[in-house]
Amino acid sequence: MGIQFDARTQTFTLQTIHTTYQMRVDERGRLLHMYYGRKIGRGDLRELYPPADHGFSPDYYPCRLRRGVSPDVLPQEYTGCNVGDFRLSCLVVRDPDGAAGADFLYESHEITPGKYTLDGLPCAHDEGAEAETLCIRMKDPVTGLCLELLYGVFAEQDVITRAVRLKNAGAAPLRLEKAASACLDLPFGNWDLVHFHGRHAMERKMERAPLPAAITTVSSTRGASSHHHNPFVILCDHDATEDHGLCYGVMLVYSGSHRTDMEVDQNGLTRVVSGLHDERFSWQLEPGESFTAPEVLLCCSAGGLGDLSRHYHKFLRRNICRSPFRYTRRPVLINNWEATYFDFNTDTICRIAEKAASLGVEMMVLDDGWFGKRNDDNAGLGDWYVNEEKLPGGLRPLIERVNALGMKFGLWVEPEMVSEDSDLYRAHPDWALTLPGRSPAMGRNQLVLDLSRPEVVDYLVERLSALLAENHIEYIKWDMNRNMSDVYSRALPPERQGEVAHRYMLGVYRLLDRLTTAFPHVLFEGCAGGGGRFDAGMLCYFPQIWCSDNTDAIERLTIQHGTSFGYPVSAMGAHVSACPNHQTGRTVPLWTRAVVAMSGTFGYELDLGRLTDEECGQVRQQIKTFQRYYDVIQNGDYYRLRDPDRQPRYVAWQTVTEGESLVSLVLTHPEANARPLHLCLKGLEEDALYKVDELRVYGTTETPESGDKPDSQVGAVCSGSMLMYAGYILPHMIGDAPSLQLHLTRLP
Ligand code: DGJ
């Protein structure tokens, strides 16, 4: 396991428990990608790539007579620029003559214990002697551009991280116009692309389709990873299922504009290139300067999409999240947003908190509207001072009252933004991103602060640190409610304007790093108008991210299903909200809303004062249920049992630890005269015995007393093999979105 270099064949082999990744320096000094996939033993992979002369695929100059050795045909580890490979390239670099060209030759390599770090960029970390680093150094002899290919091998986790450093070791300035993070050539096989697309309030819908013989792009140019395309794709066998088939995951650790292209070339080779979006991007590299491209997390599994997801879940929690909260039980919270929007004062919030505390809620979160002249979303962003008309005496009296109820207190902020109608904008209009001579496009009537400027980052660190130091705040919801247009910084010279969007992200990361380091006891939740920045970059700082502004439990089934392909339950912010739902107008039983929100971080976002006594009793029960099942929900292995799109009648999912399992099911399309609800469970031990110790049915019109146990099934003991292969019949349910939870305990 780990990293081996065979000097005789000039081959690098990266071994994880179940996978092998191999590269080779060829006779001409280029680095070829030889293999990535299921673990393989000894053998010479050169045999896989015999010389082949393809028309219109140019040869390397020394091979011009022999022919058949073309960069356009051979699998590349990281492409050069404009030197005969017509497929997707990783890099565009231009010298002062305007010539765009680079052809990298191997120089040296180094294998070191531990995991490399990346200056200023979030990346995976080693939790204790588990990773090894390979750094391969290459150089373009003409420009002097040096390329460092970095590999972090997490053998136990079956994850290989990749990143790239480019350094101008020449004498003339260079201009990068594209600098991708990784190229992955899959020379053989035909693949389905699985990706996660959507829009505001409908994020990360899973879509699966065969890759065409063309270029397919998953990208965002919005200055945020976006609601629209998540920076995570999977390529899998056409017949791969949740449980079988070869799958490759490519996940970018980045929260800004990104681009992953997949090309199926003339010979059927599939190339994936992933990294920063190159639209309007450029980076000036003066002699001696370096540029680092963000990290990519590669994972390969032969065990289907479910197994690939579980690898990412574990890896993100263990090796991406750094928060002290990543494994701890997080408080059940109540957020006032959908209860009050901007219309609140100290008493309103305290009334919500009192009611919530009486039902067992553990934290009160005050959302948007507590600062500046923020009575609607047209003003106030940037003025992070308490609006004393709403909260006389500031936050302290409110926090004291909340704490006196035995609850923690949390606060919403949106630091990256500024309203035109704010003292901050009036004092520093040049701190906003706007194009000279143009009225900017407005998103939610707000502008984006220029976080490429260090003084803006310093200002925000100072202001937010004061807020956190002066008040007993134990949670921050970090929002970001528009995408980036009019990208221009008043602080950078013309030739560096192509750097603004990426420098902005570096500023965001610096800001988050400084605050989360200075206030480790504060639980941070990311948010961007819901799930507009739900990515591995943000997870380095925030152990949880608000999944979507869509709180409708039925819509959440699709959103959380899509999210689960890459991201763990412990990262998915999910709340029970009011009905009729504010986004869709739909009414769903209160228990079903809780069953869905419990498959995330779990909280409430409604005016609990409007609930009936019976509903309050349900809320009390729900919180106890969540606390009882906490370990299996948050720490268990996650299995998708049904696909909401392809198997629409009912959606089901399951989490499993060594000793217990919880199955959740929501009936979305009740049918008359229907077949019984049947599930084949997953992840159990075949020979172990499991006792059905709780089976709760919620909201079915056939069971008037929701929450009662269908007694006949409780207490039944079944083998794991029976539950997984023969399956299990669940109680009959009808009505609007009834649900159930089935809890199993493994017998000793
Ligand atoms: C968008 C968030 O996703 C909501 O939860 C809420 O915090 C609003 N912003 C507040 O403006």
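What this report covers is the structure whose coordinates are included nearby.

So, how was this worked out
- Residues numbered from 1 in each chain as written.
- Predicted model: local features only at pLDDT ≥ 70, side-chain atom pairs only at ≥ 80, totals over all residues.
- Heavy atoms only, no water.
- Salt bridge = Lys/Arg side-chain N within 4 Å of Asp/Glu carboxyl O.
- Helix = DSSP H or I, 4+ residues; strand = E, 2+ residues; numbered from the N terminus.
- Buried < 20%, exposed > 50% of the residue type's maximum accessible area, 1.4 Å probe, protein only.
- Pairing = 2+ DSSP bridges.
- Contact = heavy atoms within 4.5 Å.
- Polar contact = N/O pair within 3.5 Å; in protein donor to acceptor, adjacent residues only side chain to side chain.

### Topic: the pattern of salt bridges
One pass over the full model with this rule turns up 50 salt bridges. Note that Arg326 is salt-bridged to Glu127, the shortest N-O span being 3.0 Å. Of this pair, Arg326 sits in the loop between α1 (304-320) and β20 (333-335) while Glu127 sits in the loop between β6 (105-113) and β7 (131-139), and the two are 199 residues apart along the sequence. Judged by relative accessible area, Arg326 falls into the buried class, the value being 13%. As a salt-bridge pair, Arg259 and Asp261 come within 2.7 Å of each other at their nearest N and O atoms. Judged by its relative accessible area of 23%, Arg259 falls in the partly exposed class. Counted as one network, the salt bridges with shared partners bring together Asp85, Arg87, Asp185, Asp265 and Arg271.

### So, the sheet that holds strand β21 (residues 363-366)
Across a sheet, strands are paired by hydrogen bonds formed along the backbone, either parallel or antiparallel in direction. Taking strand neighbours across the sheet as the criterion, the nine strands line up as β28-β27-β26-β25-β22-β21-β20-β30-β29 in an open arrangement whose pairing is parallel. Looking at strand neighbours, the two that pair on one side only are β28 (572-573) and β29 (575-577), the edges of this open sheet. Sheet topology places strand β26 (residues 523-526) next to strand β27 (residues 544-546); two bridges connect them, and they run parallel. In the strand pairing of β27, Gly526 is matched with Ile545.

### As for the environment of Thr9
Considering the arrangement of structural elements, one finds Thr9 in the loop between β1 (2-6) and β2 (11-15). Along the chain, Thr9 and Arg24 lie 15 residues apart, while their C-alpha atoms are 7.5 Å from each other. Look past the residues within four positions of Thr9 in its chain and what remains in contact with it is Arg24, Val25 and Arg46. At a separation of 2.9 Å, a polar atom in the side chain of Thr9 contacts the side chain of Thr11.

### Description of the side chain of Glu130
In this fold, Glu130 is placed in the loop between β6 and β7. Judged by its relative accessible area of 18%, Glu130 falls in the buried class. Among the polar contacts listed, one links the side chain of Glu130 to the backbone nitrogen of Glu127, at a separation of 2.6 Å. Here the side chain of Glu130 touches Asn319 through a polar contact of 2.7 Å, side chain to side chain. Filtering out sequence-adjacent residues up to four positions away, Glu130 remains in contact with His125, Val153, Phe154, Ala155, Gln157, Arg318 and Asn319.

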